[in-house]
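The primary structure of each chain is shown beneath.
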Amino acid sequence: MTTLLVFLISLFMFIFIGVPIFISLGLSSLVIWMWTFGTLEPAILMQKMLIGIDSFPLMAIPFFMLAGELMNSGGVSRRLVSFASCIIGWVRGGLGFATILASMFIAAILGSASASAAMIGMVMIPAMTEKGYRSSFSSGLIAAAGSVGPIIPPSIPLIVYGVIAEVSIAKLFVGGYIPGILMSLAFMVYTYFHARKNNYLAEKSPNITEIWVSFKDSILTLLLPVIIMGGILGGIFTPTEAAVIAVVYAFAVGTFVYREIQLKNIPHIILRAANSTAMVLMVMSTATLLSWVLTLGRIPHTVTSILYSVSTNPFVFLLLVNLFVIVIGMFLDAVSALTIITPILLPAAKSMGIDPLLFGILLTVNLSIGVLTPPVGLNLYVVSSISGIDVMKISKAVIPFILLIILVILIMIFFQNTVTYLPNVIIR
């Protein structure tokens, strides 16, 4: 118990004084090591850090990051929003529906909450304001719709969890579709009733020709997630190989078909992807060291004992874990939080018979709330910078969406087959 307290105090002390998260993880590891063993072994510690990123599945991260940057620069958002508006914009509150659907499309390409909110926000906030939507509602909707980004594959957090927990990334990808779709449907239901209450008008119904023209303009973009998941599920390539295919495809489409990526900009695109990748891999490296040190300090065993003393009921355990993770997500991004809590909580989950597949997807969905809650809620700041609306006003506007995400989490806890059935049937 003392070791656990030393770990928590040291970690949050470093974070509180502004030390970058990956350095905080490394320093906390050193504190626990010195507390447990009293001596320092630099060679062993560095070796463990290198082992943390010496993984073939982790190679998917830089390639998916690069594919996302290429698609982000290749005119994706305008085409996807146009297509989404064509097929669903005629419903009352249709611009809100189109925002949610376009965010799902972008999530299946970029896998990033903040990138999705930024891309959709720049297109939809002016359009929704022009049509009379309340600015706080449209900003909150776009921030919330972007939170689906890390859940619908390709998902960086799911890749990170899969590597740490040694769970099939392909199964995690398939399982991620279920809560992602449930969240989006819940957002649409709320948007519909909000539109009726505030008398937002529907858009003009498109004719077949307009739908066809919009579909043709966006088909190459829509094919990318089909190629990625189709190849993985068909056994044609691994998730890492799928990421490489995504890069080649995104480059070819953006450069030679849409012609919105100029060759002179490629180095800048690669640099942005490299910066994002470096942040994730540095966290993974120091988190692997921390996981090893925590195991030596028997902290997972201590946490398991504490949880067993509260209740041995797996449903109670999952409810407690989700309350804890909601708080953690307010201060840490999804990747950082997963790398810290997975080695601590997963052994307890396994001991209670909870499927690691379900557990990882639950954690990822829960941590998506973190992009909507101060003080770290990245989507709030992204949308605020685009709309000019105060962050606190957007924070209030996203409360209904946060409650809907919690509802989805409760469905996942009490009806676990909704998440685990499809991955176990499709992938043996």
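Each remark here, short or long, concerns the structure printed above.
Our subject in this report is the structure included herewith. (Residues numbered from 1 in each chain as written. Predicted model: local features only at pLDDT ≥ 70, side-chain atom pairs only at ≥ 80, totals over all residues. Heavy atoms only, no water.)

Here's the deal with the overall build of the protein chain
The helix and strand inventory of the protein chain stands at 21 helices and 0 strands. Viewed in the frame of its principal axes, the protein chain has a C-alpha envelope of about 70 × 50 × 45 Å. The buried share of the protein chain, taken over its 428 residues, is 54%. Restricting to contacts in the protein chain with at least 6 residues of sequence separation, those with at least 24 account for 79%. (Helix = DSSP H or I, 4+ residues; strand = E, 2+ residues; numbered from the N terminus. Buried < 20%, exposed > 50% of the residue type's maximum accessible area, 1.4 Å probe, protein only. Contact = heavy atoms within 4.5 Å.)

Some remarks on the packing of aromatic side chains
The tally for this structure, following the rule as stated, stands at 10 aromatic pairs. Plain terms: the ring middles of Phe317 and Phe359 are 6.2 Å apart, the flat faces sit at 20° to each other, and that makes the pair stacked. Here Phe359 lies in helix H17 (residues 356-368) and Phe317 lies in helix H15 (residues 314-329), a separation of 42 residues in the sequence. Taking relative accessible area as the criterion, Phe317 reaches 1% and is therefore assigned buried. Here Phe359 falls in the buried class, since its relative accessible area comes to 1%. One aromatic cluster in this structure is built from Phe83, Phe105, Trp212 and Phe215. (Phe/Tyr/Trp six-rings, centres within 6.5 Å; stacked < 30°, edge-to-face > 60°.)

With respect to unusual backbone geometry
Across the junction of Pro153 and Pro154, the peptide omega takes the value 0°, indicating a cis bond. Relative to the assigned elements, Pro154 resides in the loop between helix H8 (135-146) and helix H9 (156-165). In this structure, Glu166 takes a positive phi of about 55° despite not being glycine. Relative to the elements of secondary structure, Glu166 occurs in the loop between H9 and helix H10 (169-198). One non-glycine residue, Arg259, adopts positive backbone phi at about 60°. Along the polypeptide, Arg259 turns up in the loop between helix H12 (239-257) and helix H13 (266-296). The exposed category is assigned to Arg259, whose relative accessible area is 68%.

Describing the packing of helix H1 (residues 2-16) against helix H2 (residues 21-37)
Axis separation between H1 and H2 bottoms out at 9 Å; the angle between their running directions is 150°. Overall, the two elements H1 and H2 adopt an arrangement that is roughly antiparallel. Taken as a pair, H1 and H2 cross one another with a handedness that is right-handed. Where H1 abuts H2, its residues Thr2, Thr3, Val6, Phe7, Ser10, Leu11, Phe14 and Ile15 lie against Ile21, Ser24, Leu25, Leu27, Ser28, Val31, Ile32, Trp35 and Thr36. (Axes fitted to C-alpha atoms, helices over the stretch in contact; angles between N-to-C directions. Parallel < 35°, antiparallel > 145°, perpendicular 65-115°, else oblique. Left-handed = near helix turned anticlockwise from the far one by under 90°.)

Concerning the nonpolar core
Phe7, Ile156, Tyr161, Phe187, Phe317 and Phe359 are the most contacted members of the largest nonpolar core, which has 149 residues in total. Among the elements that make up this core, the one with the highest residue count is helix H6 (residues 94-110) (12 residues). (Core = buried A, V, L, I, M, F, W, Y, C linked by side-chain atoms within 4.5 Å.)

Considerations on a nonpolar patch on the surface
Taken together, the side chains of Leu233, Tyr421, Leu422, Val425 and Ile426 define a hydrophobic patch exposed on the protein surface, amounting to about 420 Å² of accessible area. Take the nonpolar patch: its biggest share by element is 4 residues, from helix H21 (residues 417-426). Mapping Leu233 onto the fold places it in helix H11 (residues 208-233). Overall, Leu233 belongs to the partly exposed group, its relative accessible area being 36%. (Patch = residues over 30% accessible without salt bridge, like charges linked within 9 Å, V, L, I, M, F, W, Y side chains within 5 Å. Areas by Shrake-Rupley, 256 points an atom, 1.4 Å probe, with all protein chains shown as cover. Salt bridge = Lys/Arg side-chain N within 4 Å of Asp/Glu carboxyl O.)

What to know about H2
With 17 residues, H2 ought to run about 24 Å at 1.5 Å a step, and its terminal C-alpha atoms sit 24 Å apart, in line with that. Those residues of H2 lying buried are Ile21, Ser24, Leu25, Gly26, Ser28, Ser29, Ile32 and Trp33. (Expected span 1.5 Å × (residues − 1).)

Points about helix H4 (residues 60-72)
Spacing of three or four residues puts side chains on the same side of an α-helix, whose turn is 3.6 residues. Here H4 is 13 residues long and its end C-alpha atoms lie 18 Å apart, about the 18 Å a rise of 1.5 Å per residue gives. Taking burial as the measure, the 13 residues of H4 include 10 buried ones, the bulk of the element. Among all positions of H4, only Ala60, Ile61, Phe64, Met65, Leu66, Ala67, Gly68, Glu69, Leu70 and Met71 are buried.

Observations regarding the side chain of Ser368
Turning to its location among the elements, Ser368 is positioned in helix H17. Residue Ser368 is classed as buried on the basis of its relative accessible area of 3%. Residues contacting Ser368, with those up to four places away along its chain left out, are Ser147, Ile151, Met183 and Ile405.

Regarding the environment of Gly176
Its place among the elements puts Gly176 in helix H10. Put simply, Gly176 and Asp217 are 41 residues apart on the chain and 28 Å apart in space, counted from C-alpha to C-alpha. For Gly176, the contacting residues outside a window of four places in its chain are Ile151, Ile152, Pro153, Leu158 and Ile361.

Details of the side chain of Ser218
Relative to the assigned elements, Ser218 resides in helix H11. Ser218 gets classed as buried once you look at its relative accessible area, which sits at 0%. Excluding residues that lie within four positions of it along the chain, Ser218 makes contacts with Arg79, Phe83 and Tyr258.

As for the environment of Ser82
Relative to the helices and strands, Ser82 is located in helix H5 (residues 76-88). Placed 34 residues apart in sequence, Ser82 and Ser116 show a C-alpha to C-alpha distance of 15 Å.

Concerning the environment of Met188
Within the secondary structure, Met188 sits in helix H10. When its relative accessible area of 10% is taken as the criterion, Met188 is described as buried. Apart from residues no more than four positions distant in its own chain, Met188 is found in contact with Ile88, Phe97, Ile100 and Leu101.

Describing the packing of H13 against helix H16 (residues 334-351)
In the contact formed by H13 and H16, the axes pass within 9 Å of each other and the chain directions differ by 15°. Comparing the axis directions of H13 and H16 gives the class roughly parallel. Where H13 crosses over H16, the two elements pack in a sense that is right-handed. Where H13 approaches H16, its residues Val280, Val283, Met284, Ala287, Ser291 and Leu294 are matched on the opposing element by Val335, Ser336, Thr339, Pro343 and Ile344. Of the residues that constitute the contact of H13 with H16, the class distribution is 8 nonpolar, 3 polar and no charged. (Nonpolar A, V, L, I, M, F, W, Y, C, P; charged D, E, K, R; others polar.)

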